[in-house]
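Chain by chain, the residues run as shown.
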Amino acid sequence: MAKKTFEIKDDEQLFAEKVSGDCWKMPKLSINRQVSGKYYFTNKRIAFLASGLIGTESVSWEIELKDIEKVKTCTTPPFFPFGILITMKNGDKYKLSILKRKKYFNWLLDQIN
């Protein structure tokens, strides 16, 4: 099976692509675990494609911006100031870890407000 790739849709505008980072929390995992990969941000969604050779499909995800309830900054283990906690309208949570967090956090705030 081919590794999942990101494809922009006709009605989307790309804000940032191939942004290296980690995901520490997602609904698919019952415990917080560091998963490395690349983030893609468009005016409609955020996608995370996990890197690695095996099992990346199960921890790759995408979410629609319209489904986000709130975002806030947070720390990532052990106590690094790189985190963005996304809470979805259905209660799911995603914890992103990205360098230059302020840039992406402010962009997200602008998109969901």
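Residues numbered from 1 in each chain as written. Predicted model: local features only at pLDDT ≥ 70, side-chain atom pairs only at ≥ 80, totals over all residues. Heavy atoms only, no water.

### A closer look at helix α1 (residues 101–112)
With 12 residues, α1 should reach 16 Å at 1.5 Å per residue; the first-to-last C-alpha distance of 17 Å fits that figure. What α1 keeps buried is the set R101, Y104, F105, W107 and L108. Down the axis, α1 shows its buried residues gathered within 165° of arc, on one side only. Exposed side chains of α1 directed beyond 90 degrees from the buried face belong to K102 and D110. Looking at the buried positions of α1, the neighbouring elements they touch are β1 (14–25), β2 (35–42), β3 (45–50), β5 (68–76), β6 (80–88) and β7 (93–98). (Helix = DSSP H or I, 4+ residues; strand = E, 2+ residues; numbered from the N terminus. Expected span 1.5 Å × (residues − 1). Buried < 20%, exposed > 50% of the residue type's maximum accessible area, 1.4 Å probe, protein only. Arc of directions from axis to C-beta. Contact = heavy atoms within 4.5 Å.)

### With respect to the sheet that holds β3
Adjacent strands of a sheet form backbone hydrogen bonds with each other and so pair up, either parallel or antiparallel. Strand order in the open sheet made by the seven strands is β4-β3-β2-β1-β7-β6-β5, with antiparallel pairing throughout. Edge positions in the sheet fall to β4 (61–64) and β5, since each of these pairs with one other strand and no more. Along the sheet, successive strands turn relative to each other by an average axial angle of 30°, direction set aside. Strand direction decides the pairing type here: β3 and β4, joined by four bridges, are antiparallel. The residue of β4 that forms the bridge with A47 is E62. (Pairing = 2+ DSSP bridges. Axes fitted to C-alpha atoms, helices over the stretch in contact; angles between N-to-C directions.)

### What about the packing of aromatic side chains?
What the rule picks out here adds up to 11 aromatic pairs. Note on W61 and Y94: the rings are 4.5 Å apart at their centroids and 50° apart in plane angle, and the pair reads as tilted. Placement of the pair is W61 in strand β4 and Y94 in strand β7, with a sequence separation of 33 residues. On the basis of relative accessible area, W61 is assigned to the buried category, the value being 5%. Its relative accessible area of 8% is what places Y94 among the buried residues. (Phe/Tyr/Trp six-rings, centres within 6.5 Å; stacked < 30°, edge-to-face > 60°.)

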